[in-house]
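# A closer look at the structure
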Amino acid sequence: MNSLFAKAQAILPHHAITGLVNWFARIEAPWFKDLFIKSAKGLLNIELDDAQRRDLKDYRSFNDFFTRELRAESRPISQTPNVACPVDGRISAIGEIRKNT
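Residues numbered from 1 in each chain as written. Predicted model: local features only at pLDDT ≥ 70, side-chain atom pairs only at ≥ 80, totals over all residues. Heavy atoms only, no water.

### A short note on the overall build of the protein chain
Tallying secondary structure elements over the protein chain gives four helices and zero strands in all. For 101 residues, the compact-globule formula gives about 13 Å, and the C-alpha radius of gyration of the protein chain, at 18 Å, lies well above that figure. Based on the C-alpha atoms only, the size of the protein chain along its principal axes is roughly 45 × 40 × 25 Å. Residues counted as buried form 18% of the 101 residues belonging to the protein chain. A sequence separation of at least 24 residues applies to 32% of the contacts in the protein chain between residues at least 6 apart. Approximately 9,100 Å² of the protein chain is accessible, and the part contributed by carbon and sulfur atoms is 60%. Taking the average location of the 15 positive side-chain charges in the protein chain and that of its 12 negative ones, the two points are 6 Å from each other. (Helix = DSSP H or I, 4+ residues; strand = E, 2+ residues; numbered from the N terminus. Rg over C-alpha atoms; globule rule 2.2 N^0.38 Å. Buried < 20%, exposed > 50% of the residue type's maximum accessible area, 1.4 Å probe, protein only. Contact = heavy atoms within 4.5 Å. Areas by Shrake-Rupley, 256 points an atom, 1.4 Å probe, with all protein chains shown as cover. Lys, Arg positive; Asp, Glu negative; His and termini not counted. Charge placed at Lys NZ, Arg CZ, Asp CG, Glu CD.)

### Considerations on helix α3 (residues 30-43)
Taking 1.5 Å of rise per residue, the 14 residues of α3 would be expected to cover 20 Å, and the 20 Å separating its terminal C-alpha atoms lies within 8% of that figure. Residues of α3 that are buried sit in contact with α2 (14-25) and α4 (62-66). A positive phi of about 50 degrees marks Asn45, the residue just after α3. (Expected span 1.5 Å × (residues − 1).)

### Observations regarding the packing of aromatic side chains
Summed over the entire model, instances satisfying the criterion amount to eight aromatic pairs. Between the aromatic rings of Tyr59 and Phe65, the centroid separation amounts to 5.3 Å while the plane-to-plane angle is 85 degrees, which identifies the pairing as edge-to-face. Assigned by exposure class, Tyr59 and Phe65 land together as buried. The structure contains a cluster of three or more aromatic residues connected by ring pairs, namely Trp23, Phe24, Trp31, Phe32, Phe36, Tyr59, Phe62, Phe65 and Phe66. Of note, Arg68 hangs over the ring of Phe65, and the distance from its end group to the ring centre comes to 4.6 Å. (Phe/Tyr/Trp six-rings, centres within 6.5 Å; stacked < 30°, edge-to-face > 60°. Lys NZ or Arg CZ within 6 Å of the ring centre and 35° of its normal.)

Written as structure tokens, this is what we have:
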């Protein structure tokens, strides 16, 4: 499946797909954006416990949902010398750091 996905990415028109996804992400029609947001939330197991707005209907579009604000107290930034990451995600690759690279 991964190799098929990689092959599809290699032959598809990237700019056209990016533009199409950008257009879909900004649709504000309630029936569409609610379905899009609910589907993404379910497929990606997105929790809204830390979000300022927890009701999916409060988002204007998928883009608004995707860039949602967190409650100030939900994730304080560490004051110790650690690595801070401003987004949710997973590390998919890691290597040795040499000379800041």
